[in-house]
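Summary of structural features
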Amino acid sequence: MNINNGPAFIYLINSFWYKSKYERNVCLESEWLDHLFKKCEIKSKLQITEQQYQELYELRNIFQKILLQNIINQNHPIFDQLQENIHKISYQYQIMDKKLILQPKKVDFYYLIHKITLSFFEIWFSDEKKKVKCCANPQCGWYIFDTTKNLTKQYCCNTCASLIKVRRFRKNKNNQCL
Ligand SMILES: [Zn+2]
């Protein structure tokens, strides 16, 4: 899969595994951040401070916990922090192309957090939730957003798919030898 597919919150969750997958910590790389900004429709490059990185990691931990435990009770306290993220920014009306549109007052780090969190809420509490899956390679740990018609996608990438296929093939072969 193209790592850039899918909503922002899955992109953030998967950054956790980059280090082992590609032996680099992409979270600290500007390329990774650029894609995150793009996903969140942020045109300007935001400077992320060390403390803000920590906040991103914390947010990632929350998402991971929710997905791992499949927490769907909206009153669960784990959603409190996320609710706060949503309300951290304020909007204002602006006229663009003779149309009145709602714009964030400030496009800053909190807007980024707001957009990532929003991408989560939009999916997790909707019908789209069924598209959120863990890659079928148990050693992978990445999440995917399955946009296929019959929800048939199982793997995050070809590497994971062929790895499991080879393993399955070997297992069958061994069974035949017994
Ligand atoms: Zn995978």
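To keep things clear, this report deals only with the structure shown in the data block. (Residues numbered from 1 in each chain as written. Predicted model: local features only at pLDDT ≥ 70, side-chain atom pairs only at ≥ 80, totals over all residues.)

The subject of this paragraph is the overall build of the protein. The helix and strand tally for the protein stands at 6 helices and 4 strands. If you list the helices and strands of the protein from N to C, you get α-α-α-α-β-β-α-β-β-α. Taken over 178 residues, the protein has a buried fraction of 20%. (Helix = DSSP H or I, 4+ residues; strand = E, 2+ residues; numbered from the N terminus. Buried ≥ 20, exposed ≤ 12 C-beta atoms within 10 Å, placed from the backbone.)

This next bit is on unusual backbone geometry. A positive phi is found at Asn70, a non-glycine position, where the angle reads about 50°. Structurally, Asn70 can be placed in the loop between α3 (50-69) and α4 (78-86). Not every positive phi belongs to a glycine, and Leu151 is a case in point at roughly 50°. Mapped onto the elements, Leu151 comes out in the loop between β4 (143-145) and α6 (158-177). Residue Leu151 is classed as exposed on the basis of its C-beta count, with 11 C-beta atoms lying within 10 Å.

Before going further, it helps to examine the environment of Lys153. Counting through the fold element by element, Lys153 comes out in the loop between β4 and α6. Linking Lys153 and Lys131, residues 22 residues apart in sequence, is a C-alpha distance of 9.1 Å. Setting aside residues no more than four positions away along its own chain, Lys153 makes contact with Ile144, Asp146 and Thr148. (Contact = placed C-beta atoms within 7 Å.)

Attention now goes to the pairing of strand β1 (residues 91-96). Counting buried positions over the 6 residues of β1 gives 0, only a small fraction of the element. Across 6 bridges, the pairing between β1 and strand β2 (residues 99-104) is antiparallel. Bridge pairing links Gln94 to Ile101 in β2. (Pairing = 2+ DSSP bridges.)

When the terminal C-alpha atoms of α3 are compared, their 29 Å separation across 20 residues agrees well with the 28 Å that a helix rising 1.5 Å per residue should span. Residues of α3 that are buried: Leu59, Ile62 and Phe63. In a view along the axis of α3, the buried residues occupy a sector of 95°, so they form one face of it. Seen from the buried face of α3, the exposed residues on the opposite side, beyond 90 degrees, are Glu50, Gln54, Glu58, Asn61, Lys65, Leu68 and Gln69. Within two residues after α3, Asn70 carries a phi angle of roughly 50°, on the positive side. (Expected span 1.5 Å × (residues − 1). Arc of directions from axis to C-beta.)

The next point concerns the environment of Phe109. In this structure, Phe109 sits in helix α5 (residues 109-124). On the basis of neighbour count, Phe109 is assigned to the partly exposed category, with 17 C-beta atoms found within 10 Å. Aside from chain neighbours lying at most four places away, what touches Phe109 is Leu46, Ile48 and Gln52.

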